[in-house]
Amino acid sequence: MKIVVCIKQVPDTSEVRINPETNTLVREGVDSVINPFDTYAVEEAVRWRERLGQGRVTVLSMGPHQTEAALREALSLGADAAVLLSDRAFAGADTWSTSLTLAQALRRLKPDLILTGKQAIDGDTAQTGPGIACHLDLPQVCYVSKIRSISHGLAVVERLLDHGREVVEVQLPALLTVVKELNQPRLPSLQGKFAAQAAGIVVWGASELGLSAAAVGLDGSPTAVERIFSPPGRSAGEMVPGKSVQEKVAAVVSRLQPLLASLATGPDA
Amino acid sequence: MKTGSEKETRLHIDAATCAGCGRCVTVCPFGALESDGSVAVVNANCTFCGACVDRCPFGSIVLHRAKRAGGADLSAYRGVWVFGEQLDGRIQPVVYELIGAGRALADKLGEPLGVVVLGSRMDSACRDLLAYPVDQVLQVDAPELAVYASEPYATALSRLAEERKPAIVLAGATAVGRSFLARVAVSVHTGITADCTGLDITEDGLLRQTRPAFGGNIMASILCANHRPQMATVRHGVMRAASRQSRGGTLEKVAMPRAVFSSRTRRLDFMAEMGDRLNLSDAQVVVAGGRGLGGADGFAMLEELAGRLGGAVAASRGAVDAGWAAYARQVGQTGRTVNPKLYIACGISGAVQHRVGMAGSEVIVAINNDPEAPIFEVATYGILADVREAVPALIEALGPPTGRTE
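Every value quoted in this text rests on a predicted model; they were computed, and no experiment measured them.

> Teacher, can you tell me more about helix α2 (residues 68-76) of chain A here?
Given 3.6 residues per helical turn, the α-helix brings residues three or four places apart onto the same face. Residue and element names in this part refer to chain A. Extensive coverage of α2 is indicated by the burial of seven of its nine residues. Those residues of α2 not exposed but buried are Ala 70, Leu 71, Arg 72, Glu 73, Ala 74, Leu 75 and Ser 76. Buried residues along α2 sit in contact with β2 (9-11), β5 (32-34), α1 (36-52), β6 (56-62), β7 (81-85) and α5 (190-198). A positive phi of about 120° marks Gly 78, the residue just after α2.

Structure, rendered in structure tokens:
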């Protein structure tokens, strides 16, 4: 059983702030972490290797050389091998060309199962997983909250939808994107940390993948960022006055009246 | 490294004038710049957004944008399509918002608006769509399409888009839309932008797609200049829904070979966890509880409040981790994003990770007994009170439950 987990190194967005004077993003001192959703994918892959008593877990990422830190962290959490896709030519990749590049590496790794987080917390697109599945012509299941079984070339999984939970059987090889509910990731052991620091990381560039520079990075991306700007700030509103809880609540209810009336009548349809 | 020809988009940092001050490093949203104290260098994370260019006090950073040659004949692509997502045969609320947004785009382009419905026995639902300002409804009807499955949905829509060549395809940024539209984009080799909150047409007739990133900390506008169709998923609850105002559109049933509907996934079971009324994504009112509730029983009180308002109940990560509410209800960075008309945060302190999941709500009411709680920084109305007193008082003040018509 070969499992590949696609991970992304992201800035810890909870630390990212907008400088109100310059209206720009402040990244100073912001740590890079493994995308939280991907950590559940790593843990799940390691658990299945342990449960099945066989197999190999490879973590795969695309990014600059600093991404090695994220891969080493995944190794310390139990992954067996790490592959980094790194090349100046990959710069400016949108989800189309990112998924193409990752898919090309996956063709060489030939996994039975591909796991990745439902989305990355920096881009929030949720497009790279399905994109990889399509490039490889594999079935996909998104928003997986539980893997019930893996046997005889089939996986049975639960997926979280807007209105409930679906149980899906999927033929392997397949790609699954996962949500937080899946598991509680373990902490790295000291031994794991040491081993991860010493481990070799395979690095592939465009030429190793057999991809032309025109097919990857910005040149291979159908979309491009036109501009980036700060959202209109949401300023603090009113702390409603009142001597008692009842007075404060009454003040809010009266301010909400127009909104509540519009909700009662429904949309203008 | 290649040196610059006009064929290549690149970010050039002039080493002679760069002071290595690191200002550009701090403004880059993507961590693509590094400075060793004497000179800044750009790495492969660069998306060529240009955020660093204006920040450089020395004018050392220049962004060369290549003129990219168009591939296919783009003029062959006309019209705006909306994906008419259905659940159990009912057209989903986000579709009417897409029709509203799509109509405006189609009018700007002077092109028709179509709705594509994939499902089974959708005749009457498709006819009803013609009561809205659409020019055409395209209906693909097959038993295999009754329940969403990524492969048949993606294959059917890809095939239709390749045949009919729409200029723009929009779908709701729902679990369904976000699962399969990226597959369609890869398969027809075009760009796609996720979870858009703004759509417009540029002077050049391109779709300008605006979306939040970094948990809403920055906004980006995205263009897809040389590939068609231009595809986007659109956040629910942002666009104004179209009114019933027919344009006398037509309904066309499109037949497809059975092979299109083949799938390597199979639904074994479905467990409706939340009734329709409690679907967080569709709810106009969300009542959310946090650790301040003190226990799982606090959520019974929130259910009653939500019932009065015809809304849904959500929870902060703290409440979910404490086991008081299901993960499916978690709002925030590692849960889901909601943007209802009214969000009532009860006993939620409002850490950034929570706020990124709800700051897009129209009106926010926050109830907390800590005047320093960060939730008050984004609240429209703040109630400084014990949530266990304030919520019952709110239920009382609202009076009898509002009747909700469905």
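There is more to say, and it comes next.
> What's the story with the interface of chain A and chain B in this structure? I'm lost.
When the parts of a complex come together, some accessible area is lost, and that lost area is often used as the size of the interface. Residue-level contacts link 88 residues of chain A with 99 residues of chain B. With 11 residues, the single largest contributor to the side of chain A that touches chain B is helix α7 (residues 245-265) of chain A. Within the side of chain A that touches chain B, the residues separate by chemical class into 45 nonpolar, 23 polar and 20 charged. Pairing geometry for strand β15 (residues 238-239) of chain A and strand β22 (residues 381-384) of chain B, over two bridges, is parallel. For Met 239 of chain A, the partnering residue across the bridge sits in β22 of chain B and is Gly 382 of chain B.

> How do you make sense of the sheet that holds strand β9 (residues 136-141) of chain B when you look at a structure like this?
Strand pairing in a sheet relies on backbone hydrogen bonds, with the paired strands running either antiparallel or parallel. All names here are of chain B. On the basis of which strands lie adjacent, the open sheet formed by seven strands has the order β11-β15-β10-β5-β8-β9-β16 and parallel pairing. Each of the sheet's edge strands pairs with one partner strand only, and the pair in question is β11 (192-196) and β16 (250-253). Here the strands of the sheet are splayed against their neighbours by 20° on average, with no regard to which way each runs. Sheet topology places strand β8 (residues 113-119) next to β9; six bridges connect them, and they run parallel. When the bridges of β9 are listed, Gly 114 appears paired with Gln 136.

> In this structure, what is going on with the pairing of strand β10 (residues 154-161) of chain A? I would like to understand it.
Regular strands show a simple pattern: their side chains alternate between the two faces of the sheet. All names here are of chain A. A large share of β10 lies buried, amounting to six of its eight residues. Here strand β9 (residues 140-151) runs beside β10; their pairing, made up of six bridges, is antiparallel. Its bridge partner lying in β10, Ile 147 is registered against Val 157. Hairpin connection, β9 to β10: the antiparallel pair is bridged by two residues, and His 152 has positive phi, about 50°. In this structure, the hairpin formed by β10 and strand β11 (residues 164-171) is closed by a connection of two residues.

> What am I meant to see in the sheet that holds strand β12 (residues 174-178) of chain A here?
Overall, mixed pairing links the 10 strands, which are arranged β13(A)-β7(A)-β6(A)-β1(A)-β8(A)-β12(A)-β9(A)-β10(A)-β11(A)-β17(B) in an open sheet. With one partner strand each, in any of the chains shown, β13 (202-204) of chain A together with β17 (265-271) of chain B form the two edges of the open sheet. When the angles between neighbouring strand axes are averaged without regard to direction, this sheet yields 30°. Two strands pair when backbone bridges link them, and β9 of chain A and β12 of chain A are joined in this way by three bridges, in the parallel orientation. Counted as the bridge partner of Val 141 of chain A is Leu 176 of chain A from β12 of chain A.

> Help me understand the packing of α2 of chain A against α5 of chain A in this model?
Relative orientation and spacing of two packed helices are given, respectively, by the angle between their axes and the distance between those axes. Residue and element names in this part refer to chain A. In contact at an axis separation of 8 Å, α2 and α5 are set at 140° when each is read in the N-to-C sense. Compared by their axis directions, α2 and α5 come out oblique. In this structure, α2 meets α5 at a crossing whose hand is right-handed. When α2 is examined against α5, the residues Arg 72, Leu 75 and Ser 76 are found in contact with a partner set consisting of Gly 192, Lys 193, Ala 196 and Gln 197. In the contact of α2 with α5, the residues fall into two nonpolar, three polar and two charged.

> Just checking my understanding: could you explain the pairing of strand β8 (residues 113-117) of chain A for this structure?
Residue and element names in this part refer to chain A. With five of its five residues buried, β8 lies for the most part within the structure. Burial along β8 is two-sided: Leu 113, Leu 115 and Gly 117 and Ile 114 and Thr 116, pointing in opposite directions, are all buried. By the bridge criterion, four bridges tie strand β1 (residues 2-6) to β8 in an arrangement that is parallel. Bridge pairing links Val 5 to Leu 115 in β8. The pairing of β8 with β12 spans five bridges and is parallel. Directly across from Thr 116, in β12, lies its bridge partner Thr 177.

> Help me out: how do you make sense of helix α10 (residues 387-398) of chain B in this one?
Its 12 residues place the ends of α10 of chain B 16 Å apart at the C-alpha level, agreeing with the 16 Å of an ideal helix rising 1.5 Å per residue. Phi turns positive one or two residues past the end of α10 of chain B, at Gly 399 of chain B, with a value near 75°.

> What's the story with the environment of Ser 75 of chain B in this structure? I'm lost.
Mapped onto the elements of the fold, Ser 75 of chain B is located in the loop between β4 (61-64) and β5 (80-83). It is 25 Å that separates the C-alpha atoms of Ser 75 of chain B and Ala 194 of chain B, two residues lying 119 residues apart in sequence.

> Any chance you could explain the nonpolar core here in plain terms?
Soluble, globular proteins show a tendency: their nonpolar side chains are buried together. Grouped together as the largest cluster of nonpolar side chains are 161 residues, with contacts concentrated most on Val 5, Val 42, Ala 74 and Ala 79 of chain A together with Leu 170 of chain B. With residues near it in sequence (within four places) discarded, Leu 170 of chain B still touches Trp 81, Val 82, Phe 83, Leu 98, Ala 101, Gly 102, Ala 232 and Val 234 of chain B. If you look at the next biggest cluster of nonpolar residues, it comprises 54 residues, including Leu 256 of chain A together with Met 358, Ala 359 and Ala 390 of chain B.

> Explanation requested: unusual backbone geometry in the structure shown.
Peptide bonds are trans in most cases, and residues, glycine excluded, mostly fall at negative phi. Cis geometry is found at the peptide bond from Leu 172 of chain A to Pro 173 of chain A, where omega equals 0°. Among the structural elements, Pro 173 of chain A can be located in the loop between β11 and β12. At the junction of Arg 228 of chain B and Pro 229 of chain B, the peptide bond is cis and its omega measures out at -5° in the coordinates. Of note, Pro 229 of chain B is situated in the loop between β14 (218-223) and β15 (230-234). Located in the positive-phi region is Lys 110 of chain A, a residue other than glycine, with phi close to 45°. Mapped onto the secondary structure, Lys 110 of chain A falls in the loop between α3 (95-109) and β8. With 9 C-beta atoms packed within 10 Å, Lys 110 of chain A lands in the exposed category. One non-glycine residue, Asp 88 of chain B, lies in positive phi territory at about 50°. Within the secondary structure, Asp 88 of chain B sits in the loop between β6 (86-87) and β7 (90-91).

> What exactly am I supposed to notice about the confidence of the model for chain B here?
Close inspection of predicted coordinates is inappropriate for parts of the model with low pLDDT. All names here are of chain B. Taken over all residues, the pLDDT of chain B has a mean of 90, while the share at 70 or more is 94%. In this model residues 1-6 is a low-confidence stretch, pLDDT under 50, and it forms seven contacts with partners more than four residues away in sequence or in other chains. Confidence estimates for the predicted assembly give a pTM of 0.86 and an ipTM of 0.90.

Each value, and the rule that gives it
- All chains use their own residue numbering, which begins from 1 and follows the written sequence.
- Here every chain gets a letter starting at A, and every ligand a number starting at 1, in the order they are written.
- Predicted model: local features are reported for residues with pLDDT of at least 70 only, side-chain atom pairs are reported and counted for 80 or more only, and whole-chain, interface and lining totals are derived from all residues.
- Partly exposed residues are those whose C-beta has more than 12 but fewer than 20 other C-beta atoms within 10 Å; 20 or more makes a residue buried and 12 or fewer makes it exposed, with C-beta atoms placed from the backbone.
- Where helices and strands are cited, they refer to DSSP runs of H or I of at least four residues and of E of at least two residues respectively, numbered from the N terminus.
- Contact between residues is assigned whenever the C-beta positions, reconstructed from backbone atoms, fall within 7 Å.
- Note that Gly is not counted as nonpolar here; it falls among the polar residues with everything else outside the nonpolar set of Ala, Val, Leu, Ile, Met, Phe, Trp, Tyr, Cys and Pro and the charged set of Asp, Glu, Lys and Arg.
- For two strands to pair, DSSP has to find at least two bridges joining them.
- For helices, the fitted line uses only the C-alpha atoms of the stretch in contact; every axis is such a line through C-alpha atoms, and the angle between N-to-C directions lies from 0 to 180 degrees.
- Here roughly perpendicular refers to angles of 65 to 115 degrees, roughly parallel to angles under 35, roughly antiparallel to angles over 145, and oblique to all remaining angles.
- By convention the crossing between two helices is left-handed if the near helix lies anticlockwise of the far one by an angle smaller than a right angle, and right-handed if it lies clockwise.
- Multiply 1.5 Å by the residue count of a helix minus one, and that product is the helix's expected span.
- Nonpolar cores are identified as sets of buried Ala, Val, Leu, Ile, Met, Phe, Trp, Tyr and Cys residues joined via C-beta atoms within 7 Å.
- Confidence of the prediction at every residue is given by pLDDT, a number between 0 and 100.

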